[in-house]
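# A closer look at the structure
The residues making up each chain are set out below.
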Amino acid sequence: MLRICSEQEYKKYVEYVYTIAVDQSKSGYPTYSDGIKTKELFLERSSKAFVRDNENILLFEYEGKVEGWIHYYYLAEDHYLSTVSFNIDVHTEEALQEFCAYAYKHFKGYDLFLGYSKDNKKAVNYLSAHGFECIEDDFNNTAFLDKYEPLKVYDDVTRITRDNYELFRVLHSKIEGDMYWNSDRIYEDIDNWVIFVKVYGGDTLGSVYYMIDDDGWYEIYGIDMKDNVYNANCFKALLVKALNTAKELDGKFMTFFCDKEGQDIVKELGFECVGEYVCFKKHID
């Protein structure tokens, strides 16, 4: 059974739920086993469910025992529904079944996005068998920037501003699909982004982009390639540039979700693999 969690119940169960959050076989994304996110961050983030109008925590009970919770949030203007945390101890399939029923009742017309480690086999198998589309399958990597020694970039890599934004848009617009951070949204928020492109002969061959964050934790949202064709030299130059600038900004960590073909270069540059990540999507009719 799923039910709205009260603040009193939150205080009672939060320690227990955190023990589930650090186990990738029982939890959803974002993961708390990446060497970056702490217990304090979990407590801080989960408590915001009680002060934000677009979030709720649903306690999950099975045969009278609380087995965890689903902390969800939604963006009404974008018809977007996802989870802040999905931490269920044993009966994951039942929790997913009930959450989907809850979503169908309260969020018709929304797109539901759910992300998990591949280690959470119960969640992955359930979603795969119940009409969800797998839209992302990546390796989750962490770079600890205090260990990273900047490398020289020999390629011509250019920083993107409002004035030359089309060099980025021409590439990103072709692959953005239904990404939340599409070309228009990034442009509107460009002061909070670091974007580089590699240009040759007037063509944008590749781009890398990540958000500026005051806490020193940066996440690469993507490395785009011309015609969506992997170019190892371009990929490495862009990734090195991103790491170098994050280090210059006194960054502590950099996260990068990378597909299989780039993973060898990612490891070569010192990233540590947290695990494999999959994201599922379903439109709620």
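See the structure shown above.
Residues numbered from 1 in each chain as written. Predicted model: local features only at pLDDT ≥ 70, side-chain atom pairs only at ≥ 80, totals over all residues. Heavy atoms only, no water.

### A word on the overall build of the protein chain
Formally: Numbered from the N terminus, helices here are DSSP runs of H or I no shorter than four residues, and strands are runs of E no shorter than two. As defined in this context, the radius of gyration uses C-alpha atoms, and a globule is described by 2.2 Å times the residue total to the power 0.38. Between buried and exposed lies partly exposed: a residue is buried under 20% and exposed over 50% of the maximum accessible area for its type, with that area taken using a 1.4 Å probe on protein chains only. By definition in these notes, contact holds between two residues if any of their heavy atoms fall within 4.5 Å. Methods summary: accessible areas were calculated by the Shrake-Rupley approach with a probe of 1.4 Å, and residue burial reflects only the protein chains presented. A positive count includes Lys and Arg, and a negative count includes Asp and Glu. His and the chain ends are not counted in either. In this description, the location of a charge corresponds to atom NZ of lysine, CZ of arginine, CG of aspartate or CD of glutamate.
Scanning the protein chain from N- to C-terminus turns up eight helices and 12 strands. Relative to the 2.2 N^0.38 estimate, which gives 19 Å for 285 residues, the radius of gyration of the protein chain is 20 Å and therefore close to what a compact globule would have. Once the C-alpha set of the protein chain is aligned to its principal axes, its extents read approximately 65 × 40 × 35 Å. Per-residue burial over the protein chain gives 49% buried out of 285 residues. Contacts in the protein chain between residues at least 24 apart in sequence constitute 66% of all its contacts with a sequence separation of at least 6. For the protein chain, the accessible area works out to roughly 14,000 Å², and carbon and sulfur atoms hold 47% of it. Taking the 32 positively charged and 52 negatively charged side chains of the protein chain as two groups, their mean positions are separated by 2 Å.

### Here's the deal with the side chain of S82
Note the cut-off: Pairs of N or O atoms within 3.5 Å make up the polar contacts considered here, provided that, within protein, one atom can donate a hydrogen while the other can accept it, and that residues adjacent in sequence are counted only when both atoms are side-chain atoms.
Note on placement: S82 falls in strand β4 (residues 80-88). The exposure class of S82 is buried, given its relative accessible area of 9%. Looking at S82, its side chain comes within polar contact range of the main-chain oxygen of F113, at 2.9 Å. With sequence-adjacent residues up to four places away left out, S82 is seen in contact with Y72, Y73 and F113.

### Some thoughts on empty space enclosed by the protein
Worth spelling out the cut-off: Here the term cavity refers to a set of points on a 1 Å grid, laid over the protein atoms alone, in which a 1.4 Å probe fits but cannot get out; the term pocket refers to an open set having protein on both sides within 12 Å along at least five of seven lines, with lining residues being those that place an atom within 4 Å of a point. Grid points are joined across faces, edges and corners, and a volume is the space filled by probe spheres set on the points.
Scanning the entire structure with this criterion turns up one cavity of 30 Å³ or more. Counted as a void, the largest cavity has a volume near 40 Å³. Every residue lining the largest cavity is listed: Y32, F42, R45, S46, H71, V84 and S85. Broken down by secondary-structure element, the contributors of at least two residues to the lining of the largest cavity are α2 (39-47) and β4.

### What to know about the side chain of E55
Counting through the fold element by element, E55 comes out in strand β2 (residues 55-62). Only 2.8 Å separates the side chain of E55 from the side chain of R45, close enough to count as a polar contact. Of the polar contacts made by the side chain of E55, one reaches the side chain of H71; its length is 2.8 Å. Each residue touching E55, except ones within four places of it in the same chain, is listed here: R45, K48, A49, H71, Y72, Y73 and Y74.

### Describing the pattern of salt bridges
Where charged atoms from two side chains of opposite charge come close, those side chains can pair. Convention followed: Put simply, a salt bridge is a Lys or Arg side-chain nitrogen that is within 4 Å of an Asp or Glu carboxyl oxygen.
Here the structure, examined in full by the defined rule, presents 16 salt bridges. Here K226 and D203 are joined by a salt bridge, their closest N and O atoms 3.1 Å apart. Of this pair, K226 sits in the loop between β10 (217-225) and α7 (232-248) while D203 is found in strand β9 (residues 203-211), placing the two residues 23 residues apart along the sequence. A relative accessible area of 36% means that D203 is categorised as partly exposed. Linking K236 and E268 is a salt bridge whose minimum nitrogen-to-oxygen distance equals 2.6 Å. You can see K236 sitting in helix α7 and its partner E268 sitting in helix α8 (residues 263-268), a full 32 residues away along the chain. Under the relative-accessibility criterion, K236 is labelled partly exposed at 30%. What makes E268 exposed here is its relative accessible area of 52%. Overlapping salt bridges bring together R3, E9 and E61 as one network.

### Some words on α2
Because each turn of an α-helix spans 3.6 residues, side chains separated by three or four positions in sequence point in the same direction. Note the following rule: Each direction from the helix axis to a C-beta atom contributes to the arc, which is the arc of those directions.
Restricting attention to buried positions, one finds in α2 the residues F42, R45 and S46. All buried residues of α2 fall inside an arc of 95 degrees around its axis, so they share one side. Taken together, the buried residues of α2 touch α1 (7-21), β2, β3 (65-75) and β4.

### Quick word on the pairing of β10
What counts here: Two strands pair under a simple rule: DSSP has to find at least two bridges between them. Clockwise travel from the first strand over the helix to the second, with the strands pointing away from the viewer, marks a crossover as right-handed.
Bridge analysis of β9 against β10 gives five bridges, and the strand direction is antiparallel. Residue pairing in the sheet places Y209 in a bridge with G222 of β10. Between β9 and β10, which pair antiparallel in sequence order, lie five residues; one of them, G216, sits at a positive phi of approximately 85 degrees. Remark: the β10/α7/strand β11 (residues 253-258) crossover connection has right-handed handedness.

### Observations regarding the environment of K48
Structurally, K48 is set in the loop between α2 and β2. For K48, a relative accessible area of 26% translates into the label partly exposed. K48 sits 138 residues away from I186 along the chain, and the two C-alpha atoms are 25 Å apart.

### Examining the nonpolar core
We count it as follows: Within this scheme, the nonpolar core is defined by two criteria: the residues are buried Ala, Val, Leu, Ile, Met, Phe, Trp, Tyr or Cys, and they are joined through side-chain atoms within 4.5 Å.
The biggest cluster of nonpolar side chains holds 28 residues, and the ones touching the most others in it are I220, I223, F235, L239, L243, M254 and F256. Of all the secondary-structure elements, those providing two or more residues to this core are β8 (193-200), β9, β10, α7, β11 and α8. Here this core takes nine residues from α7, the largest share from any one element. With residues near it in sequence (within four places) discarded, L239 still touches I220, I223, F256, V266, L269 and F271.

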